[in-house]
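So the chains spell out like this:
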Amino acid sequence: MEEIADQTLFRYCLLTLILSGPPTAVALKFLQAPYGKHNRTGWGPSISPPIAWFLMESPTLWLTLLLFPFGRHALNPKSLILFSPYLIHYFHRTIVYPLRLLRSSSSGKSSFPISIAAMAFTFNLLNAYIQARWVSHYKNDYEDGLRFWWRFIIGLVVFVAGMWINITSDRTLVRLKKENRGGYVIPRGGWFELVSCPNYLGEVVEWLGWAVMTWSWAGIGFFLYTCCNLIPRARASHKWYINKFKDEYPKTRKAVIPFVF
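Here's a quick rundown of the structure. Just so you know, these numbers come straight off a predicted model, no measurement behind them.

1. Here we look at the nonpolar core
Formed by 38 residues in total, the largest nonpolar core has its most connected members in Y86, I130, V135, W207 and W210. Mapped onto this core, the elements with two or more residues apiece are α1 (2-30), α3 (59-67), α4 (77-103), α5 (114-138), α6 (145-179), α7 (198-214) and α8 (217-245). Element by element, the count of residues in this core is highest for α5, at 9 residues. Counting 11 residues, the second largest nonpolar core, distinct from the first, contains Y35, A52, L101 and I116.

Written out as structure tokens, the structure reads:
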């Protein structure tokens, strides 16, 4: 009975993840989450961005550590190897990235609405449960050696490429804000020569790689939600840059997908 109840919970959570993407994309077409360059008043109390990022991303670590040991594949080396890229990404996002923001002199001049952090915290609870439970318990093809490793290697290459784009782009943005005391300038160099938001491009590519590695609806659902969440925000940020810098802003630069969009 407990197994049936857990399967039912997992399926409803997975369905929620998959179905929440399209409404998110529609909502973000009209209203952007008020943090970063889209920050504005009217969203209630705020906290510092480093604390917000740490708190809202933290379920991806502590919930995983609570759930993973109870999966039937918890001691399978393949499941541990498979989940490592996910944990590495979120260790960076939960620990390293907030520390980088904290060291930036501009972090104390900005704020992050608690309401937005709470929504992100809730999403990360849902998604961490789905991803950890899938890899540690419900994935059944660990014994299919050759196909498992081909999917893992191809997905890992895509994942690492995306993570490199994401991290280097975030590092550039944090450095520019520090150098300009919290102000905004036109980012230059690297992937910024092609798109306005290579940090979002990198994250989309990462979770595409994750979908290939896991070869699952759990991975596909996360990838689709990432697209629905970040692509509209990238488009809004692209328009923000154009409105702020006008003719100075490079005409050939796209929003998030090089040469396309």
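Having seen the model, we can carry on.
2. Remarks on the side chain of D170
You can see D170 is positioned in helix α6. Once you skip the residues sitting within four places of it in the chain, D170 turns out to touch R93, Y97 and N199.

3. Considerations on a nonpolar patch on the surface
Together, I81, W149, I153 and V157 make up an exposed nonpolar region whose accessible area comes to about 350 Å². At 3 residues, α6 tops the list of elements feeding residues into the nonpolar patch. Note that W149 resides in helix α6.

4. Concerning the packing of α4 against α7
Here α4 crosses α7 at 155°, and the two axes come no closer than 9 Å. Classified by the interaxial angle, the pair formed by α4 and α7 is roughly antiparallel. Relative to α7, the crossing made by α4 is left-handed. Taken together, the residues of α7 that come into contact with α4 (itself represented by L82, F83, P85, Y86, H89, Y90 and R93) are E203, E206, W207, W210, M213 and T214. Its residues placed into classes, the contact of α4 with α7 shows 8 nonpolar, 2 polar and 3 charged.

5. A closer look at the packing of aromatic side chains
Under the counting rule described, the total for this entry stands at 26 aromatic pairs. On the basis of an interplanar angle of 35° and a centroid distance of 4.8 Å, the ring pair of F10 and Y138 is categorised as tilted. Placement of F10 in helix α1 and of Y138 in helix α5 is noted, with a sequence separation of 128 residues between them. Above the ring of W53, the side-chain terminus of R93 is found at 5.5 Å from the ring centroid. Its guanidinium or amino end placed over the ring of Y97, R93 lies 4.6 Å from that ring's centre, counting from NZ or CZ.

6. Brief notes about the side chain of H238
Mapped onto the elements of the fold, H238 is located in helix α8. Of the residues examined, H238 reaches a relative accessible area of 14% and is grouped as buried. Ignoring any residue separated from it by four or fewer positions in sequence, one finds H238 in contact with S196, Y249, R253, K254 and A255.

7. Some words on the packing of α3 against α4
How two helices pack is summed up by the angle between their axes together with the distance between the axes. The interhelical angle for the contact between α3 and α4, taken along N-to-C directions, is 135°, at an axis separation of 9 Å. With respect to α4, the axis of α3 lies oblique. Between α3 and α4, the contacting residues are T60, L61 and T64 on the first element and F83, Y86, L87, Y90, F91, T94 and I95 on the second. Of the residues belonging to the contact of α3 with α4, the class tally is 7 nonpolar, 3 polar and no charged.

8. Notes on the environment of T60
As for its position among the elements, T60 is in helix α3. The residues contacting T60, other than those within four sequence positions of it, are Y86, L87, Y90, T94, N124 and A128. From its side chain, T60 meets the backbone oxygen of E57 in a polar contact 2.6 Å long.

9. Focus: the layout of surface pockets
Here the second largest pocket defines a volume of roughly 200 Å³. Along its surface, the second largest pocket is lined by L28, K29, F30, L31, Q32, I231, P232, R235, A236, K239 and F261. Put simply, the parts of the chain that give the lining of the second largest pocket at least two residues each are α1 and α8. The element contributing the most residues to the lining of the second largest pocket is α8, with 5 residues.

Here is what the cut-offs are and how they apply
- Residues numbered from 1 in each chain as written.
- Predicted model: local features only at pLDDT ≥ 70, side-chain atom pairs only at ≥ 80, totals over all residues.
- Heavy atoms only, no water.
- Core = buried A, V, L, I, M, F, W, Y, C linked by side-chain atoms within 4.5 Å.
- Buried < 20%, exposed > 50% of the residue type's maximum accessible area, 1.4 Å probe, protein only.
- Helix = DSSP H or I, 4+ residues; strand = E, 2+ residues; numbered from the N terminus.
- Contact = heavy atoms within 4.5 Å.
- Patch = residues over 30% accessible without salt bridge, like charges linked within 9 Å, V, L, I, M, F, W, Y side chains within 5 Å.
- Areas by Shrake-Rupley, 256 points an atom, 1.4 Å probe, with all protein chains shown as cover.
- Salt bridge = Lys/Arg side-chain N within 4 Å of Asp/Glu carboxyl O.
- Axes fitted to C-alpha atoms, helices over the stretch in contact; angles between N-to-C directions.
- Parallel < 35°, antiparallel > 145°, perpendicular 65-115°, else oblique.
- Left-handed = near helix turned anticlockwise from the far one by under 90°.
- Nonpolar A, V, L, I, M, F, W, Y, C, P; charged D, E, K, R; others polar.
- Phe/Tyr/Trp six-rings, centres within 6.5 Å; stacked < 30°, edge-to-face > 60°.
- Lys NZ or Arg CZ within 6 Å of the ring centre and 35° of its normal.
- Polar contact = N/O pair within 3.5 Å; in protein donor to acceptor, adjacent residues only side chain to side chain.
- 1 Å grid on protein atoms, 1.4 Å probe; cavity = no way out; pocket = protein on both sides within 12 Å on 5 of 7 lines; lining within 4 Å.
- Points joined across faces, edges and corners; volume = space filled by probe spheres on them.

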